[in-house]
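These are the residues of each chain, in order.
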Amino acid sequence: MTESSALSAAPSAAGRDAVLKFYFGPMDCGKSTLALQLNYNHGRQGRRGLVLTKHDRSGGPKVTSRIGLGLEAIEVEDGLDLVALVTAHDRIDYLICDEACFYSVEQIEQLADLVDEHRVDVYAFGLASDFRSVMFPAAQRLFELADEVSRLQVEVLCWCGRPGQLNARVVGGVMARTGEQVVIGDTNASPVRYQVLCRRHHRAGDLGEPLRGL
């Protein structure tokens, strides 16, 4: 695992191999914000890229961050062939793949193909594990295939003040232990919401007194 910066100047493709990088962390750690910044930095260097997402919190084909930034994106449907998508363009230098944890394993393999066979840099962002603390299949494959894996360094806190590591699904004010792996929600007071907890309180199902009423 590396902690190299995603915000450095975009490298030239000449004389180097393309890379597959995976940036992961819990909710609120700035994954989408960093994805948008990285796209901006590479675009300023004259590189051509595509921005992809799946199940963004906005409900649309966008990459949005909780601090108010956003950008139109291509929605990665279940059957979308990412190699065909990219090779249909005259030139693509890089991909920004937000919410990559929700892609299919086959699509992660396609991202690796784009890196190895087409010299396209791929920057993937997403959660590592679901509300049960079980790794998403796509995230697991990214851990296995990526040239670099980095935990984002923006600190997210549990209600107790410890570092937040895991995402809890809260239904009717109670932490859920079973259910579909993917249910889209946010961190607000909706019927299904998510809350970042430390390992201790995720295992105990303790949401903390200040948030129990949500």
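Here is what the cut-offs are and how they apply
- Residues numbered from 1 in each chain as written.
- Predicted model: local features only at pLDDT ≥ 70, side-chain atom pairs only at ≥ 80, totals over all residues.
- Heavy atoms only, no water.
- Helix = DSSP H or I, 4+ residues; strand = E, 2+ residues; numbered from the N terminus.
- Buried < 20%, exposed > 50% of the residue type's maximum accessible area, 1.4 Å probe, protein only.
- Salt bridge = Lys/Arg side-chain N within 4 Å of Asp/Glu carboxyl O.
- Pairing = 2+ DSSP bridges.
- Contact = heavy atoms within 4.5 Å.
- Axes fitted to C-alpha atoms, helices over the stretch in contact; angles between N-to-C directions.
- Phe/Tyr/Trp six-rings, centres within 6.5 Å; stacked < 30°, edge-to-face > 60°.
- Lys NZ or Arg CZ within 6 Å of the ring centre and 35° of its normal.
- Right-handed = clockwise from strand over helix to strand, strands pointing away.
- Patch = residues over 30% accessible without salt bridge, like charges linked within 9 Å, V, L, I, M, F, W, Y side chains within 5 Å.
- Areas by Shrake-Rupley, 256 points an atom, 1.4 Å probe, with all protein chains shown as cover.
- Lys, Arg positive; Asp, Glu negative; His and termini not counted.
- Charge placed at Lys NZ, Arg CZ, Asp CG, Glu CD.
- Polar contact = N/O pair within 3.5 Å; in protein donor to acceptor, adjacent residues only side chain to side chain.

**Structural notes on unusual backbone geometry**
Although it is not a glycine, Glu99 adopts a positive phi angle of roughly 55 degrees. Mapped onto the secondary structure, Glu99 falls in the loop between β6 (94-97) and α3 (105-118). Non-glycine residue Arg119 carries a positive phi angle of around 60 degrees. Relative to the assigned elements, Arg119 resides in the loop between α3 and β7 (121-126). Among the residues examined, Arg119 registers a relative accessible area of 43% and is labelled partly exposed.

**Some points on the pattern of salt bridges**
One side chain can pair with another of opposite charge once the charged atoms of both are near each other. This structure, assessed with the given rule, holds seven salt bridges. Here Arg91 makes a salt bridge to Asp93, at a shortest N to O gap of 2.7 Å. In this structure Arg91 comes out as partly exposed when scored by relative accessible area, which is 36%.

**Quick look at the sheet that holds strand β2 (residues 49-53)**
The strand order β5-β2-β6-β7-β1-β8 describes an open sheet built from six strands, whose pairing is parallel. Since the sheet does not close on itself, it has two edges, and those belong to β5 (74-75) and β8 (148-151), each with one partner. Bridge count between β6 and β7: four bridges; the pairing is parallel. Paired with Ile96 across the bridge in β7 is Tyr123. Lying over the sheet, helix α1 (residues 31-44) contacts β1 (20-24), β2, β6 and β7, oriented at roughly 160 degrees with respect to β7.

**Considering the packing of aromatic side chains**
Inspection of every chain in the model, using the stated rule, returns five aromatic pairs. Both rings, one in Phe24 and one in Phe143, keep their centres 5.0 Å apart while their planes meet at 65 degrees; by these two values the pair is edge-to-face. In this pair, Phe24 is assigned in strand β1 and Phe143 in helix α4 (residues 137-145), connecting sequence segments 119 residues apart. Judged by its relative accessible area of 26%, Phe143 falls in the partly exposed class. Above the plane of the ring of Phe131 lies Arg169, whose end atom (NZ or CZ) is 3.8 Å from the centre.

**Points about the pairing of β7**
Of all six residues making up β7, six are buried, and the element is well covered by its neighbours. The two faces of β7 match: Asp121, Tyr123 and Phe125 on one face and Val122, Ala124 and Gly126 on the other face are all buried. Pairing of β1 with β7, which is carried by five bridges, proceeds in the parallel orientation. Residue pairing across strands places Phe24 opposite Gly126, the latter belonging to β7. Traced from β6 through α3 to β7, the parallel crossover comes out right-handed.

**Comments concerning a negative patch on the surface**
A surface patch of negative charge is lined by Asp17, Asp113, Asp116, Glu117 and Asp147. By secondary structure assignment, the location of Asp116 is in helix α3.

**Quick word on a positive patch on the surface**
Together, Arg162, Arg199, Arg200 and Arg203 line one region of the surface with positive charge. Within the secondary structure, Arg199 is located in helix α5 (residues 199-204).

**Quick notes on the sheet that holds strand β9 (residues 166-171)**
If you trace the three strands from one edge of the open sheet to the other, you get β10-β9-β11, paired in antiparallel fashion. Of all the strands in the sheet, the pair left with one neighbour each is β10 (174-175) and β11 (192-197).

**Observations regarding the environment of Asp81**
Structurally, Asp81 can be placed in the loop between β5 and α2 (82-87). A C-alpha to C-alpha distance of 7.5 Å links Asp81 and Gln110, two positions 29 residues apart in sequence. A distance of 3.0 Å separates a polar side-chain atom of Asp81 from the backbone nitrogen of Ala84.

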